[in-house]
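Residue strings, one per chain:
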Amino acid sequence: MYTKVGIIGAGTMGIGITVDLLLHGIQTVLVDISEQALEKAKREIVQTARFAPLLNKALPVVSEEQVCSLVIATTDLKHVEDCEFIVENIPEQWALKEPLYRQLDRICRPDVVFGVNTSAISITKVAGVTQRPDKVIGMHFMNPVYLKPSIEVIRGYHTSERTVNEAEALLAQLDKDAIVVNDLTGFVSNRISHLFMNEAAFVVADGVATAKQVDEIFKKCFGHKMGPLETADLIGLDTVMDSLNVLYQEYQDPKFRCSPYLKKMVEAGRLGRKVGAGFYDYTKQRGNEA
Amino acid sequence: MNDVKQLEERVHHYIAEHVDVPELDYDVEIFEEGLVNSLFAIQLMTFLEKTFQIKVTMDDLDMNNYKSVTAITNFVRNKQREGV
């Protein structure tokens, strides 16, 4: 049983995983380079953990004091030295990931598994900068973490069976199943979902349909909970573009070429929900198209 | 406009900003009807605590308290009466 887990990166996913861990009684060391991000994360963690049982009755009701006692928020990476498992959630940029993994490799015990919460970057590539390539595994959590019953787990080229078992054991503590797939850029989820989002942007740019019509076809005809453009707005159009660029570079396949319309929106600062505007305008009423 | 009406209007205004319907009925069940997703509940409770200076406790974690504008208004009124 895991009792202390290190979470690197206090963005949306880092916060979500921290909430899930502490709701299952696991102490968490949350690390970020920004004090400001950690302060914001602490507030969100407390609110989400307090109210999460409303949405998932299986989760325990916890007080603010209990939440605070289980989370250590720090800018000092060394504080993860006694953690039994690491889940990393920093931005999808190799220039940031590479030095981080080299540092983690020095700080953590040799038996500690590194869970890479990436949506596109190769797990084998990450493993290659550590001295423990067999203990690096992809763990693609989905948002909101505490409501999702399964996650995409990615076995890198060197990932051992034991590491897969350890990742499954941690997930079992969180009442989650693992869908274990093999490593190739974008894995299953993003390799497919980003084609949907990108092609949806082309469809809108070509004047075939509005963003709302595209999303309604996915929701009302296909039965998806969200349409591809709502999803893109939720993820952040800059992140979607970054992932498409990674897919394009890795596969050298024109099917991953980022829609010029999507690129223009990013350049115009219409990054989605996080800034109040993307394919939809969120400053007035939800659902108003841009 | 009395206090209750003001409170109800404030809640209505907030919910209306987050749903995609031209008119929002005070009794429509916003989660049941799919006007907002379940995650909105957390955002809503944070708004209620900040705006009306109440504290949502463990006993208040019941979706019935937040299902409509009317239900939310009644919940906030009761909390204010309790003085928490």
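Residues numbered from 1 in each chain as written. Chains lettered and ligands numbered in written order. Predicted model: local features only at pLDDT ≥ 70, side-chain atom pairs only at ≥ 80, totals over all residues.

## Considerations on the overall build of chain A
Thinking step 1. Of the regular secondary structure elements, chain A holds 11 helices and 10 strands.
Thinking step 2. Taking 290 residues into account, the globule formula puts the C-alpha radius of gyration at 19 Å, and chain A, at 19 Å, falls close to it.
Thinking step 3. Dimensions of chain A along its principal axes, counting C-alpha atoms only, are 55 × 45 × 35 Å.
Thinking step 4. Expressed as a percentage of the 290 residues in chain A, the buried residues total 43%. (Helix = DSSP H or I, 4+ residues; strand = E, 2+ residues; numbered from the N terminus. Rg over C-alpha atoms; globule rule 2.2 N^0.38 Å. Buried ≥ 20, exposed ≤ 12 C-beta atoms within 10 Å, placed from the backbone.)

## Observations concerning the overall build of chain B
Thinking step 1. Scanning chain B for helices and strands turns up 3 helices and 0 strands.
Thinking step 2. Relative to the globule expectation of 12 Å for 84 residues, the C-alpha radius of gyration of chain B, 12 Å, shows essentially globular dimensions.
Thinking step 3. In terms of overall dimensions, chain B has a C-alpha envelope of 35 × 30 × 20 Å along the principal axes.
Thinking step 4. In chain B, which comprises 84 residues, the proportion classed as buried is 21%.
Thinking step 5. Long-range pairs, those at least 24 residues apart, make up 59% of the contacts in chain B between residues at least 6 apart in sequence. (Contact = placed C-beta atoms within 7 Å.)

## As for the environment of Tyr2 of chain A
Residue and element names in this part refer to chain A.
Thinking step 1. Positionally, Tyr2 belongs in the segment before strand S1 (4-8).
Thinking step 2. Distance from Tyr2 to Gly25, taken between C-alpha atoms, is 9.6 Å for residues 23 residues apart in sequence.
Thinking step 3. With residues near it in sequence (within four places) discarded, Tyr2 still touches Ile26, Glu84, Phe85, Leu170 and Gln173.

## Quick notes on the sheet that holds S1 of chain A
Residue and element names in this part refer to chain A.
Thinking step 1. The strand order across the open sheet formed by 8 strands is S3-S2-S1-S4-S5-S6-S7-S8, and the pairing between neighbours is mixed. Every other strand in the sheet has two partners, leaving strand S3 (71-74) and strand S8 (177-182) as the edge strands with one partner each. Between one strand axis and the next, the sheet turns through 25° on average, direction left out of account.
Thinking step 2. As judged from the 5 bridges shared by S1 and strand S2 (residues 27-31), these two strands associate in the parallel manner. (Pairing = 2+ DSSP bridges. Axes fitted to C-alpha atoms, helices over the stretch in contact; angles between N-to-C directions.)

## Considerations on helix H2 (residues 35-55) of chain A
Thinking step 1. Compared with an ideal rise of 1.5 Å per residue, which puts 21 residues at 30 Å, H2 of chain A spans 30 Å between its outermost C-alpha atoms and is within 8% of the ideal.
Thinking step 2. The sharpest bend along H2 of chain A measures roughly 35° and falls at Ala49 of chain A, with the proline Pro53 of chain A sitting one to four residues further on.
Thinking step 3. Turning to H2 of chain A, the residues buried within the fold contact helix H1 (12-23), S2, helix H3 (64-70) and S3 of chain A together with helix H2 (40-52) of chain B. (Expected span 1.5 Å × (residues − 1). Bend = angle between axes of the 7 residues up to and from the residue.)

## Regarding the domain arrangement of chain A
Residues and elements named next belong to chain A.
Thinking step 1. Segmenting chain A into domains produces domain 1 (4-182) and domain 2 (191-283).
Thinking step 2. A straight line from the C-alpha centre of domain 1 to that of domain 2 covers 27 Å.
Thinking step 3. Class assignment of the residues belonging to the side of domain 1 that touches domain 2 gives a composition of 2 nonpolar, 1 polar and 1 charged. (Domains from an automatic or database assignment. Nonpolar A, V, L, I, M, F, W, Y, C, P; charged D, E, K, R; others polar.)

## Digging into the packing of H2 of chain A against H2 of chain B
Thinking step 1. One way to put it is that H2 of chain A packs onto H2 of chain B with a least axis distance of 9 Å and a crossing angle of 125°. Judged by the inter-axis angle, H2 of chain A sits oblique to H2 of chain B. Where H2 of chain A crosses over H2 of chain B, the two elements pack in a sense that is right-handed. When H2 of chain A is examined against H2 of chain B, the residues Gln47, Thr48, Phe51, Leu54 and Leu55 of chain A are found in contact with a partner set consisting of Ala41, Ile42, Met45 and Thr46 of chain B. (Parallel < 35°, antiparallel > 145°, perpendicular 65-115°, else oblique. Left-handed = near helix turned anticlockwise from the far one by under 90°.)

## Quick notes on unusual backbone geometry
Residue and element names in this part refer to chain A.
Thinking step 1. Following Asn143, the chain continues into Pro144 via a peptide bond in cis, with omega recorded as -5°.
Thinking step 2. A positive phi is found at Asp175, a non-glycine position, where the angle reads about 60°.
Thinking step 3. With respect to the helices and strands, the residue Asp175 is situated in the loop between helix H6 (161-173) and S8.
Thinking step 4. Positive phi outside glycine occurs at Gln252, with the angle close to 55°.
Thinking step 5. Relative to the helices and strands, Gln252 is located in the loop between helix H10 (237-251) and helix H11 (260-267).
Thinking step 6. Given 7 C-beta atoms within a 10 Å radius, Gln252 is considered exposed.

## Notes on the interface of chain A and chain B
In many reports, interface size means the accessible area that the parts give up when they come together.
Thinking step 1. Contact with chain A, which involves 11 residues of that partner, is made by 13 residues of chain B.
Thinking step 2. The class makeup of the residues in the side of chain A that touches chain B is 6 nonpolar, 4 polar and 1 charged.

## Overview of the pairing of S1 of chain A
Thinking step 1. Extensive coverage of S1 of chain A is indicated by the burial of 4 of its 5 residues.
Thinking step 2. At this point the chain moves from S1 of chain A, through H1 of chain A, to the parallel S2 of chain A, and the crossover so formed is right-handed. (Right-handed = clockwise from strand over helix to strand, strands pointing away.)

## Some details on the nonpolar core
Considering soluble globular proteins, one finds that nonpolar side chains tend to be buried as a cluster.
Residues and elements named next belong to chain A.
Thinking step 1. Counting 69 residues, the largest nonpolar core has Val19, Leu22, Ile86 and Ile137 as its most contacted members.
Thinking step 2. Per-element accounting of this core gives the leading share, 7 residues, to H1.
Thinking step 3. Excluding its chain neighbours within four sequence positions, the residues that come into contact with Ile137 are Val113, Gly115, Val116, Ile123, Val153, Ile154, Arg155, Gly156, Thr159, Thr163, Val164 and Ala167. (Core = buried A, V, L, I, M, F, W, Y, C linked by C-beta atoms within 7 Å.)

## Focus on the pairing of S8 of chain A
Residue and element names in this part refer to chain A.
Thinking step 1. Pairing of strand S7 (residues 150-155) with S8, which is carried by 6 bridges, proceeds in the parallel orientation. From the neighbouring strand, Glu152 faces S8, where its bridge partner is Ile179.
Thinking step 2. Following the chain from S7 across H6 to the adjacent parallel S8, one finds a crossover that is right-handed.

## Brief notes about the confidence of the model for chain B
Thinking step 1. Confidence along chain B averages 88 in pLDDT terms, with 98% of residues attaining 70 or more.
Thinking step 2. Complex prediction metrics read pTM 0.84 and ipTM 0.75. (pLDDT = per-residue confidence, 0-100.)

## Digging into H10 of chain A
Residues and elements named next belong to chain A.
Thinking step 1. Helix length check: H10, at 15 residues, gives a terminal C-alpha distance of 21 Å against a target of 21 Å (1.5 Å per residue), a fit within 8%.
Thinking step 2. Those residues of H10 lying buried are Leu237, Asp238, Val240, Met241, Ser243, Leu244, Val246 and Leu247.
Thinking step 3. Against the buried residues of H10 lie helix H7 (189-205), helix H9 (228-235) and H11.
Thinking step 4. Where H10 terminates, the next one or two residues include Gln252, which has phi positive at roughly 55°.

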